[in-house]
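# Analysis of the macromolecular model
Now for the letters of each chain:
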Amino acid sequence: MPSPHLQLPLSRRGFLMASAGAGAALGLASVPARAAAGPRPFGPYGSPAARLTPTTLYVDPDGSGDHTTVQAAVNAATGSGWTLVLAPGTYRETVSVDLTRTEMTWLGAGDGPRDVVIVYDNAAGTPKPDGSGTYGTTGSATTTVRADGFTARRITFANDWLRADHPGISGTQAVAIKVMGDRSAFHHCRFLGHQDTLYADTGALTVFARQYFAHCYAEGDVDFVFGRATAVFEHCHFRTLTRTDRASAPYGFVFAPSTAGANPRGYLVTRSRVTSEAPDAYYKLARPWVPSSDRTASPMLTVRETWLGPGIDAVAPYANMSDAYPWQNQRFAEYRNSGPGAEISLPENRPQLAAEQAESETRGAYLGDWEPWKEDC
């Protein structure tokens, strides 16, 4: 049976990954062709001639906006409160938003996230051009956001590095986006990659960063949603990919939180779903990440009222990243999940919240006085 993972003509390498089947409605599609003559309008946000505010910049790879690359627009947006409107197209570049560019918003001006794609193909083991070593996991990120108050809508963040194309590289982590800022919100966005796709993190061990992902889609195979942020994933779709480089289960893990021990909140997944293109039970739901930089980490993950497909190993949905830090000693819990991957056959492997405990496992409890869901559209 052919894989439902499609190859689309979007990049220098001739493709960008997108899931078909259950993911097709949320997947990438070919970027709409520009009209034969004249500049293309910027979807619902108008054109540069009808500027939203004095702090709005328009980005168009074909030159009809203020800048042709996202990074050039970020560089021009000094200070706080800028809006970047991204015309439909593929932006093959790495982008970094530093600490000073707070309260920045990126708006994809297409009909959905598949129309605006930011993609590159560095991996942790990719040699740097200057010969100073390799990128490492953090350096592999296509997009890096360090500033507080960042918001993105209807954009795809991708890393299309593939293991099969680089058999000599052992550092196969390839991050699509690393987010470290507090009050970072993503609405109707997509995160595509294989290993370490979505790095929901903080800027330092002692810094708390609240993040919110609503109506988003993320796909990958190994620990593809990971980090130490306090993050809420609401109405999201997580899809596990098949693998040709492994012959046996598990193929990988959906979540790998590394919550700092002093942080009372880690990852909350609510009213979401997990599907898979891999064989049944070939994926674990999560494993705890206790990094060498923080041996006091106490990873936390709560998955509630979420549909878990047959790709999740229902008998043993959790595993250890290191036997020195067993998952049973971490803060993993579930509540009222459904689907074949949520069936409870060994209760000791499926820690469940009581109803009174679930009352404190809500988006409000995780995010406090910040209410980004009121701005969803």
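Residues numbered from 1 in each chain as written. Predicted model: local features only at pLDDT ≥ 70, side-chain atom pairs only at ≥ 80, totals over all residues. Heavy atoms only, no water.

## Some thoughts on the confidence of the model for the protein chain
Condition: As a per-residue quantity, pLDDT reports the predictor's confidence and falls between 0 and 100. Residues are treated as being in contact if the distance between any of their heavy atoms lies within 4.5 Å.
Looking at the protein chain, pLDDT values average 89 and 86% of them are 70 or higher. In the model, residues 1–41 has pLDDT below 50 throughout and makes 102 contacts with residues more than four positions away in sequence or in other chains.

## Topic: the nonpolar core
Generally speaking, nonpolar side chains in soluble globular proteins are found buried as a group. Just so we agree on the cut-off: Buried Ala, Val, Leu, Ile, Met, Phe, Trp, Tyr and Cys residues form a nonpolar core when they are joined through side-chain atoms within 4.5 Å. Partly exposed describes any residue whose relative accessible area lies between the buried limit of under 20% and the exposed limit of over 50%, with all areas from a 1.4 Å probe on protein chains only and scaled to the type maximum.
Core analysis: the largest hydrophobic core is formed by 58 residues, its most contacted members being Trp 106, Phe 186 and Phe 238. Among the nonpolar cores identified, the runner-up in size contains 10 residues, and Leu 268, Tyr 366, Leu 367 and Trp 370 belong to it.

## Some thoughts on the pairing of strand 5 (residues 89–92)
For the record, the criterion: Note on conventions: DSSP H or I runs of at least 4 residues are helices, E runs of at least 2 residues are strands, and numbering of each starts at the N terminus. Two strands form a pair only when DSSP identifies at least two bridges running between them.
Because side chains alternate across strand 5, one face comprises the buried residues Gly 89 and Tyr 91, and the other comprises Thr 90 and Arg 92, none of which is buried. Of the pairings in the sheet, the one linking strand 5 to strand 8 (residues 116–120) comprises four bridges and is parallel in character. Paired with Thr 90 across the bridge in strand 8 is Val 117.

## Looking at the pairing of strand 11 (residues 156–159)
Two faces, one strand: in a regular strand the side chains alternate between the faces of the sheet. A two-sided burial pattern is seen for strand 11, the buried positions comprising Thr 156 and Ala 158 on one face and Phe 157 and Asn 159 on the other. Two strands pair when backbone bridges link them, and strand 8 and strand 11 are joined in this way by four bridges, in the parallel orientation. Bridge pairing links Val 117 to Thr 156 in strand 11. Taken together, the three bridges between strand 11 and strand 14 (residues 190–192) define a ladder with parallel strand orientation. Bridging across to strand 14, Thr 156 finds its partner in Arg 190.

## Some remarks on the pattern of salt bridges
Rules: When a carboxyl oxygen of Asp or Glu lies within 4 Å of a side-chain nitrogen of Lys or Arg, that pair is called a salt bridge.
For the coordinates displayed, the defined rule picks out 18 salt bridges. The residue Arg 243 makes a salt bridge to Asp 245 at a minimum N-O spacing of 2.9 Å. On the basis of relative accessibility, which here comes to 11%, the residue Arg 243 falls in the buried class. According to the relative accessible area criterion, Asp 245 is partly exposed, its value standing at 44%. Each of Arg 92, Asp 121 and Asp 160 takes part in one network of salt bridges that share partners.

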